[in-house]
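Tertiary structure, described
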Amino acid sequence: MNPDAYITLSALLFSIGAVGVLVRRNAIVVFMCVELMLNACNLALVTFAKQTGDLSGQVAAFFVMVVAAAEVVVGLAIIVSIFRTRRSASVDDASLLKY
Amino acid sequence: MSPFAAAEEAGVPVVPVEAGGVFSLLWLVVALPALGTAVLLLGGRRTDRWGHLLGTAMPAASFVVGLVAFFSLLGRGEGERQVQQTLWTWLDVGDYTVSFGLVFDQLSALFVLLITGVGTLIHVYSIGYMAHDEHRRKFFGQLNLFVTAMLVLVLADDYLAVFVGWEGVGLASYLLIGFWAHKDSAATAAKKAFVVNRVGDIGMSLAVMLMFATFGTSSFVGVSEGMPEASDGVATALGLLLLLAACGKSAQVPLQSWLLDAMEGPTPVSALIHAATMVTAGVYLIVRSNFVYAESAVAETGVMIVGLVTLLFGAIIGCAKDDIKKALAGSTMSQIGYMTLAAGIGPAGYAFAIFHLLTHGFFKANMFLGAGSVMHVTNDDVEMRHYGALRTALPITFVTFALGYLAIIGFPGFSGFFSKDKIIEAAFSEGWVYGTGALLGAGITAFYMTRVMLMTFVGAKRWRPGVHPHESPAVMTIPLIVLGAGSLVGGVLLLADWIVGWLEPVTGPEGEHELFVSPLVLTMIVMVVVGVGVITAWLLFGRRTITDTAPQRVSFVTRAARADLYGDAFNEAVFMRPGQYLTRILVYVDTAVIDGAVNGLAALVGGSSSRARRVQTGFVRSYALTMLGGALVAVVATLAVTLS
């Protein structure tokens, strides 16, 4: 099989995610973009696993999913908690931890 | 005489015998005044009422022990007269052991008697002199400390232990000169004495170190045995270092400047410093170290030159001072110069140095206490131009002072006559320069002492208003009478050359010396010179009226002598000012360069880190950008490595 299309899609998704993380202020959107990047990685992992016939890539993809699920739980909780105290979900407003 | 002393001009090794019998009580000589010091200084106000009595009793008891030991020494054979008592092991470091011991021999016996004898009289006198001082008890405690330290100095059998006494004397003199420290001048004088003495102490400590490095020991026994094998360089260095030490304690040029200022202390202290303790320490050190000087002609010459210069220096200063105590201080400097000169001559002079030291101890203590007696009744006025005609008001003081006066100018029959005459004789046999200098010094001595006598006791009354002189109490006059008697009869020590023979086992045999004329003719010459001095003084100060204030239009010499021959100015220009500049430069280097480097480095790190922390903006997205950038760099780098 030709992996080019999958890899291109993966790179495209990753780039969209990365740009989203960098330019968007809403924590929920940033969070979704992070998920997008993770899933772009997953796509690349399973593509290469399929191409080389090695299962470890697919195993890694599962690990990423598990970690992503856990991260969502923690991350959403933090976002909700921040929103409750500050009435805002903008990541730029939560900038107290600095020099 | 010890068997080693046979070789001419060779040093005499110290060969002591262990103390037994009455000599086992030797430690009491030092311990008694030390006990007095401890009780008086630690006892506080509780001892105020009887402190002065205890303070006087302690040196007196010490004198009795010393006297008993001295007579026991007289009863012994010549070979057994160096008695040593080891008290305890002082230092025990590896191979190096120093035991603290006392050596009581012909030399230290005389010193012990002088220190405790004259010291006791000064204590007695102080009871009266300090009667109205609220700190009299403290004064006696410090006087006892002075006596203790001096006794340690002359009794110790090791240069290191001598150094302890040496420093103790320095401490005690500092405390006592500054006894009236509420006066600025007294506090400054005390500090000055202390600092100048430290310069001499450098010589002493370096000498001890050199002894240790060369001989592995600093005991008299060890050094005197090792000296003949030591190289010339070591001998000369030791001699000169010890001379420097002696200069500091004995106020010899160039370390003379503290002595005149030391007059700020109470008068009994001046008497103690000048007669019994302190200034005699230097002469003692040189005579005791005869085995060092025997090996180095250079050092001996150095000692003689220092003595000669000082004897003229002090005498000239003494001529111009209107302050009775300072005139006497100049005189002390000059007389110690005589002793140093004699000590520098070598075995031919040691005995005379000690002889003059003893007679001087009597007549100078006598005159200082006499001056104190005069001050006591003139409201502590020291200005001789305010005295005059005190002879009738203070008859006992006058007579005893006159005895001291006749002794110091060398009036025939008085103690100073014999001792000074012998030194001049020995000086002439050593060389014309020394002899002439000593002879000239005798003339100047006669001049300034006559001046002191005339201005104080003779002439018209120039008393300040409110001064009603009356004779001092008996507790003050009795010591004066005893010391006056000592000044009169001190010459008996020379009967049949007793003192020369007595000291010979310590100082080595007196070499033959040749004189250009017979001793009798030389004595006549000395008498003529002294007579000229007396008559000049009488013409200038006895016949004319003495003005109330010191004349200002005076010769250059007088002006120089009034300024202590510019000794202080010299020290200030040569040592103090450059020293100050050096300190300022060092302080500048310290603050600008060293502190600058350290503080600059800290500021640099602090500044750059406060700039670096600006990176932590708190914006999550900027962190994300940084991470992305980092990741990109990592990827590019990996690709570059993999693809190349």
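Check the entry above for the structure.
Now for a quick tour of the structure. A quick note: this is a predicted structure, and the numbers were derived from the prediction, not measured. (Residues numbered from 1 in each chain as written. Chains lettered and ligands numbered in written order. Predicted model: local features only at pLDDT ≥ 70, side-chain atom pairs only at ≥ 80, totals over all residues. Heavy atoms only, no water.)

What to know about the overall build of chain A
Regarding its fold elements, chain A presents three helices and zero strands. In chain A, the order of α-helices and β-strands from amino to carboxyl end is α-α-α. For 99 residues, the compact-globule estimate of 2.2 N^0.38 gives 13 Å, and chain A exceeds it by more than 25% at 16 Å. Taking the principal axes of the C-alpha coordinates as reference, chain A spans close to 50 × 25 × 25 Å. Contacts in chain A between residues at least 24 apart in sequence constitute 58% of all its contacts with a sequence separation of at least 6. When the accessible surface of chain A is summed, it comes to about 6,500 Å², and 71% of that surface belongs to carbon and sulfur atoms. Side-chain charges in chain A split into 7 positive and 6 negative, and the spacing between the mean points of these groups amounts to 14 Å. (Helix = DSSP H or I, 4+ residues; strand = E, 2+ residues; numbered from the N terminus. Rg over C-alpha atoms; globule rule 2.2 N^0.38 Å. Contact = heavy atoms within 4.5 Å. Areas by Shrake-Rupley, 256 points an atom, 1.4 Å probe, with all protein chains shown as cover. Lys, Arg positive; Asp, Glu negative; His and termini not counted. Charge placed at Lys NZ, Arg CZ, Asp CG, Glu CD.)

Comments concerning the overall build of chain B
The helix and strand tally for chain B stands at 25 helices and three strands. With respect to the principal axes defined by its C-alpha atoms, chain B has extents near 120 × 65 × 55 Å. In chain B, which comprises 644 residues, the share counted as buried stands at 56%. Across chain B, every contact between residues at least 6 apart in sequence was considered, and the portion connecting residues at least 24 apart equals 81%. Separation of charge centres in chain B, based on 37 positive and 43 negative side chains, amounts to 18 Å. (Buried < 20%, exposed > 50% of the residue type's maximum accessible area, 1.4 Å probe, protein only.)

Some words on the environment of Met455(B)
All names here are of chain B. With respect to the element layout, Met455 can be found in helix α19 (residues 432–457). Among the residues examined, Met455 registers a relative accessible area of 0% and is labelled buried. The spatial distance from the C-alpha of Met455 to the C-alpha of Val17 is 53 Å, given a sequence separation of 438 residues. Look past the residues within four positions of Met455 in its chain and what remains in contact with it is Asp322, Met384, Arg385, Tyr387, Gly388, Arg462, Phe541 and Ile546.

Considering the side chain of Lys326(B)
As for its position among the elements, Lys326(B) is in helix α14 (residues 324–345). Buried and unpaired, Lys326(B) has no salt bridge, with Asp261(B) as the nearest side chain of opposite charge at 4.1 Å. (Salt bridge = Lys/Arg side-chain N within 4 Å of Asp/Glu carboxyl O.)

As for the nonpolar core
Ranked by internal contacts, the top residues of the largest apolar core, which has 192 residues, are Phe104(B), Tyr159(B) and Trp258(B). Ranked by residues supplied to this core, first place goes to helix α15 (residues 347–377) of chain B with 18 residues. Excluding residues that lie within four positions of it along the chain, Phe104(B) makes contacts with Phe23(B), Leu26(B), Gly66(B), Ala69(B), Phe70(B), Leu73(B), Arg81(B), Gln82(B), Val83(B), Ala109(B), Val112(B) and Leu155(B). In terms of nonpolar packing, the next biggest core, distinct from the first, is built from twelve residues, Val30(A), Met37(A), Ile79(A) and Val91(A) among them. (Core = buried A, V, L, I, M, F, W, Y, C linked by side-chain atoms within 4.5 Å.)

Describing unusual backbone geometry
In this model, Val253(B) is joined to Pro254(B) through a cis peptide bond whose omega is 10°. Assignment of secondary structure puts Pro254(B) in the loop between α8 (232–250) and α9 (257–261). A positive phi angle, near 55°, is found at Arg87(A), a position not held by glycine. On the secondary structure map, Arg87(A) appears in the segment after α3 (56–86).

Observations concerning the layout of surface pockets
Approximately 800 Å³ is the volume found for the largest pocket. Lining the largest pocket are 28 residues, and of these Val21(A), Val30(A), Val34(A), Val620(B) and Ala624(B) lie nearest its centre. Broken down by class, the residue content of the lining of the largest pocket amounts to 24 nonpolar, three polar and one charged. (1 Å grid on protein atoms, 1.4 Å probe; cavity = no way out; pocket = protein on both sides within 12 Å on 5 of 7 lines; lining within 4 Å. Points joined across faces, edges and corners; volume = space filled by probe spheres on them. Nonpolar A, V, L, I, M, F, W, Y, C, P; charged D, E, K, R; others polar.)

Notes on the interface of chain B and chain A
In many reports, interface size means the accessible area that the parts give up when they come together. Facing eleven residues of chain B, the contacting portion of chain A comprises 13 residues. For the pair chain B and chain A, the summed buried surface comes to about 1,100 Å²; carbon and sulfur atoms form 62% of the total. Summed over the shared surface of chain B and chain A, the number is one salt bridge. Asp92(A) is the salt-bridge partner of Arg621(B), the closest N and O atoms lying 2.6 Å from each other. At the surface where chain B touches chain A, the tally comes to three residue pairs in polar contact (both at pLDDT 80 or more). Of the residues assigned to the side of chain B that touches chain A, the class counts are five nonpolar, three polar and three charged. (Buried area = accessible area lost by both parts, 1.4 Å probe. Polar contact = N/O pair within 3.5 Å; in protein donor to acceptor, adjacent residues only side chain to side chain.)

Remarks on the packing of helix α1 (residues 27–43) of chain B against helix α2 (residues 51–74) of chain B
All names here are of chain B. Where α1 contacts α2, the two axes come as close as 8 Å, and the packing angle between them is 175°. With respect to α2, the axis of α1 lies roughly antiparallel. For the pair α1 and α2, the contacting residues are Leu28, Val29, Leu32, Pro33, Leu35, Gly36, Val39 and Leu40 in the first and Gly51, Leu54, Gly55, Met58, Ala61, Ser62, Val65 and Gly66 in the second. Of the residues belonging to the contact of α1 with α2, the class tally is eleven nonpolar, five polar and no charged. (Axes fitted to C-alpha atoms, helices over the stretch in contact; angles between N-to-C directions. Parallel < 35°, antiparallel > 145°, perpendicular 65-115°, else oblique.)

Notes on the sheet that holds strand β3 (residues 96–104) of chain B
All names here are of chain B. On the basis of which strands lie adjacent, the open sheet formed by three strands has the order β1-β2-β3 and mixed pairing. Looking at the sheet topology across the chains shown, the edges are occupied by β1 (17–18) and β3. The pairing of β1 with strand β2 (residues 83–93) spans two bridges and is parallel. Residue pairing for β2: Glu18 is matched across the bridge by Gln84. (Pairing = 2+ DSSP bridges.)

Some points on the packing of aromatic side chains
Each aromatic ring pair is characterised by the separation of its centres together with the angle its planes make. Residues and elements named next belong to chain B. Under the criterion given, the structure shown has 19 aromatic pairs over all chains. Their ring planes at 75° and their centres at 5.0 Å tell us that Phe111 and Tyr284 sit as a pair that is edge-to-face. In this pair, Phe111 sits in helix α3 (residues 106–129) while Tyr284 sits in helix α11 (residues 279–288), placing the two residues 173 residues apart along the sequence. Site record: aromatic cluster; members linked through ring pairs are Phe70, Phe71, Trp498 and Trp502. Positioned above the aromatic ring of Phe194 is the side chain of Arg198, whose terminal nitrogen or guanidinium carbon lies 4.1 Å from the ring centre. (Phe/Tyr/Trp six-rings, centres within 6.5 Å; stacked < 30°, edge-to-face > 60°. Lys NZ or Arg CZ within 6 Å of the ring centre and 35° of its normal.)

Considering the pairing of β3(B)
Looking down a regular strand, the side chains alternate between one sheet face and the other. Residue and element names in this part refer to chain B. Of all the nine residues making up β3, seven are buried; the element is thus mostly covered by neighbouring parts of the structure. Bridge count for β2 against β3 is nine bridges, and the pairing is antiparallel. Looking at the pairing, Gln85 lines up with Leu102 of β3. Counting the residues between successive antiparallel strands, the hairpin from β2 to β3 contains two residues, one of them, Gly94, with a positive phi of roughly 60°.

Here's the deal with helix α22 (residues 519–542) of chain B
For an α-helix, 3.6 residues make a turn, and residues three or four places apart therefore share a direction. Residue and element names in this part refer to chain B. For α22, which comprises 24 residues, the first-to-last C-alpha distance of 32 Å matches the rise-based estimate of 34 Å (1.5 Å per residue) to within 8%. All of the buried residues along α22 are Leu522, Thr523, Val526, Val530, Gly533, Ala537 and Phe541. Those residues of α22 that are buried are in contact with α17 (395–409), α18 (415–430) and α19. (Expected span 1.5 Å × (residues − 1).)

Focus: the pattern of salt bridges
Using the criterion set out here, one finds 15 salt bridges over all chains in the structure. For Asp92(A), the salt bridge identified is with Arg25(A), shortest N-O distance 3.2 Å. Residue Asp92(A) is found in the segment after α3, and its partner Arg25(A) is found in the loop between α1 (4–23) and α2 (27–52); the two are separated by 67 residues along the sequence. Residue Lys192(B) is joined to Asp568(B) by a salt bridge in which the shortest nitrogen-to-oxygen separation is 2.7 Å.

Thoughts on the environment of Asp322(B)
All names here are of chain B. When you line up the elements, Asp322 lands in the loop between α13 (297–320) and α14. With a relative accessible area of 9%, Asp322 lands in the buried category. Sequence spacing of Asp322 and Phe575 is 253 residues, and the spatial spacing of their C-alpha atoms is 28 Å. Filtering out sequence-adjacent residues up to four positions away, Asp322 remains in contact with Val382, Glu383, Met384, Arg385, Arg451, Met455 and Ala550. A polar contact is formed between the side chain of Asp322 and the side chain of Arg451, at a distance of 2.7 Å.

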